[in-house]
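Observations on chain architecture
Chain residues, written in single-letter form:
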Amino acid sequence: MVRRAALVALLALATAAGASRLTTFEWGAAPGWPAGTTVELCGNDVCETGITTTQHTLDVPVEPGGVIQGRARAHSGEQSSSWVELAQTWPASPIGIRATQERIAMAISASALTTGGSGTNGTGFTTASVSPGSNRLLLLGVGFSGVGAYASGSFPSCTISGNGLTWELVASQVSWAEGANWYNITRVYRAMGASPSSGAITITFGATADSAGWTLLELDGVNTGGTNGSAAVVQSASAEATSGSNVTATATLGAFASAANATVGIVSSANGGGTAVSHTPGTGFTELSDGGAEFTYMSGQWRSDNDTTVNNTSTGQFIAVIGIEVADAGGGPAGASLVTPANRFAHMLVR
Amino acid sequence: MFKFTGFLLLALLSGAALADTYQLTWGWTDPTTYLPSDAPTYEARYRVSAGAIVPLPATATPAGTASVTAAPGAPIEVSVRNVNGALASAWSGWVTATAPYPATQPGEPTGLTITVTRSGL
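The rules behind each value
Residues numbered from 1 in each chain as written. Chains lettered and ligands numbered in written order. Predicted model: local features only at pLDDT ≥ 70, side-chain atom pairs only at ≥ 80, totals over all residues. Heavy atoms only, no water. Helix = DSSP H or I, 4+ residues; strand = E, 2+ residues; numbered from the N terminus. Buried < 20%, exposed > 50% of the residue type's maximum accessible area, 1.4 Å probe, protein only. Contact = heavy atoms within 4.5 Å. Areas by Shrake-Rupley, 256 points an atom, 1.4 Å probe, with all protein chains shown as cover. Polar contact = N/O pair within 3.5 Å; in protein donor to acceptor, adjacent residues only side chain to side chain. Phe/Tyr/Trp six-rings, centres within 6.5 Å; stacked < 30°, edge-to-face > 60°. Core = buried A, V, L, I, M, F, W, Y, C linked by side-chain atoms within 4.5 Å. Pairing = 2+ DSSP bridges. Axes fitted to C-alpha atoms, helices over the stretch in contact; angles between N-to-C directions. Salt bridge = Lys/Arg side-chain N within 4 Å of Asp/Glu carboxyl O.

The next subject is the overall build of chain A. In terms of regular secondary structure, chain A is built from two helices and 25 strands. Expressed as a percentage of the 351 residues in chain A, the buried residues total 48%. In chain A, the share of contacts with a sequence separation of at least 24, taken over all contacts with a separation of at least 6, comes to 75%. For chain A, the computed accessible surface area is about 14,800 Å², with 48% contributed by carbon and sulfur atoms.

And the structure:
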């Protein structure tokens, strides 16, 4: 007696298109089958008998989208089990395929690449070696502490070189101006390149600095348009303040161009005595850097969203804050093609 | 010629240096009429610039999304198939993903005027 439960048929495989009707069935053989038991297998009424293995391939007549009806039974001598059946649909080919791609707006991220300063009088200062990333917005804050020039209204020039990039001035702010005496001037430069080189940045002043400081911020996910980061810098504003101690300054930016834009603050401060100071960013800002020397301590702060109030508090006596709105990379389509009808002005569009 | 070669070199260099992340969205129709006992699933795969084929997880409906990194302008293509257990349709041909909305087509110029200037005797 061949037990019905012993034969469990499972449809296993349909081969690739072209020979797509070749279908393999497999089943389990019960331990109680007598020796010499064979299986009769049918697929869509194409049958074979005398099968001694537990799988078999039939050339089943079926088209994509059709149903494969399989059945099998076991034979042993004069006895046969009941038919075990299964039915499964062979999927038809997909139709109406559509696919779209949309560039994802990347959130802006920021970090400090280097921060430092020097209390040694000089006109040239060099940062540590840095390795800017491709198409990142670089914001270099430079502080200069000098004497005398404020009275004449003429401040020493400052040029930046390094990393194979062109550094362009974003904004400047004078602080701690005491007539013909000491003053500080804080400047922010921007740069961006597809393949910046690694190396130090050289800061060269047009007059001797009593001390100098710098902080370099790198922002990713920004608008890479324009030249040297011009499209990434939307606007800037600056402010300065002087106080006996714990001085705070607030730079007020205008309305932001996009909710996805970020806010950056570059800060320079010091004590009149040249002792070290530290900075505390305004609410919502994250401090990226804090360091410097003598009369020029720098700090970088940022937040990934909008804030028209860019403020910082220094433990020192005077401070300058430069706030900057940074444009995000933006979303929207990429690779979109212009479908132009044949028109008589086509030549005007392609020139 | 030199200008063109330079442009080509610049384009190649730029392409190597840049990569964006794209949200890839696809869908299709499964015309199959299934039996109640069937349990169809749906498979998709993509490739960038006809490069390596990247399989995507099967879905319960003939649609899906994926995040794809590609250089700007590099074609992203999708191929799909219907699956029912061990039975599967043939993979579809490669379909190029397009922008979700068309680029703005500029209108025709207006106010066209022609000025003729005598240049000879």
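This part is about the side chain of Glu77 of chain B. Residues and elements named next belong to chain B. Within the fold, Glu77 resides in strand 5 (residues 76-84). For Glu77, a relative accessible area of 13% puts it in the buried group. A distance of 2.7 Å separates polar atoms of two side chains, one belonging to Glu77 and the other to Arg47. If sequence neighbours within four positions are ignored, Glu77 has contacts with Arg45, Tyr46, Arg47, Ala50, Trp94, Val95 and Thr96.

With that out of the way, let us pick up the packing of aromatic side chains. Using the criterion set out here, one finds six aromatic pairs over all chains in the structure. Ring plane angle 35° and centroid distance 6.2 Å describe the contact between Phe144 of chain A and Tyr183 of chain A, whose orientation is recorded as tilted. Placement of Phe144 of chain A in strand 12 (residues 137-147) and of Tyr183 of chain A in strand 15 (residues 182-191) is noted, with a sequence separation of 39 residues between them. When the centroid spacing of 5.7 Å and the interplanar angle of 70° are considered together, the rings of Trp28 of chain B and Tyr42 of chain B count as edge-to-face.

Residues and elements named next belong to chain A. In terms of nonpolar packing, the biggest core is built from 22 residues, with Leu140, Val142, Ile160, Trp167, Ile203 and Phe205 touching the most fellow members. Setting aside its immediate chain neighbours within four residues, Leu140 contacts Ile160, Trp167, Arg187, Val188, Tyr189, Ile201, Trp214, Thr215 and Leu216. Leu217, Ala232, Val264 and Ile266 belong to the second-largest nonpolar core, a separate cluster that totals 21 residues.

Here we come to the sheet that holds strand 24 (residues 309-314) of chain A. Two orientations exist for strands paired in a sheet by backbone hydrogen bonds: parallel and antiparallel. Residues and elements named next belong to chain A. Reading across from one edge, 19-24-21 is the order of the three strands in this open sheet, with antiparallel pairing throughout. In the strand order of this sheet, the two ends are held by strand 19 (247-252) and strand 21 (279-281), each with one partner. Pairwise comparison of adjacent strand axes, ignoring direction, gives a mean angle of 20° for this sheet. Bridge analysis of strand 19 against strand 24 gives six bridges, and the strand direction is antiparallel.

What follows deals with the pattern of salt bridges. Residues and elements named next belong to chain A. One pass over the structure, following the stated rule, counts eight salt bridges over all chains. Between Arg303 and Asp307 there is a salt bridge, and its shortest N-O distance comes to 2.7 Å. Assessed through its relative accessible area of 14%, Asp307 is described here as buried. Salt bridges sharing partners connect three or more residues here, namely Arg136, Glu218 and Asp220.

Turning our eyes to something else, we now look at the environment of Ser195 of chain A. Among the structural elements, Ser195 of chain A can be located in the loop between strand 15 and strand 16 (202-209). Between the alpha carbons of Ser195 of chain A and Gly164 of chain A there is a distance of 8.4 Å; along the sequence they are 31 residues apart.

With that out of the way, let us pick up the side chain of Thr24 of chain A. Residue and element names in this part refer to chain A. With respect to the element layout, Thr24 can be found in strand 2 (residues 22-28). A residue is classified by how much of its surface remains accessible, and Thr24, at 11% relative accessible area, is buried. A distance of 2.6 Å separates a polar atom in the side chain of Thr24 from a polar atom in the side chain of Thr57.

A sheet is described by the order of its strands in space; here three strands give the open sequence 9(A)-1(B)-4(B), paired in antiparallel fashion. Of all strands in the sheet, those with a lone pairing partner are strand 9 (95-103) of chain A together with strand 4 (63-70) of chain B, marking the two edges. Between one strand axis and the next, the sheet turns through 20° on average, direction left out of account. Across seven bridges, the pairing between strand 9 of chain A and strand 1 (residues 20-29) of chain B is antiparallel. Its bridge partner lying in strand 1 of chain B, Glu102 of chain A is registered against Gln23 of chain B.

What follows covers the pairing of strand 2 (residues 40-48) of chain B. All names here are of chain B. Where strand 2 lies against strand 5, nine bridges are found, and the strand directions are antiparallel. The partner of Val48 across the bridge, within strand 5, is Ile76. The pairing of strand 2 with strand 3 (residues 54-55) spans two bridges and is classified as antiparallel. Note that in strand 3 the partner of Tyr46 across the bridge is Val54. In textbook terms, the turn of a hairpin is the stretch between consecutive antiparallel strands, and for strand 2 and strand 3 this stretch comprises five residues, one of which, Ser49, has a positive phi near 55°.

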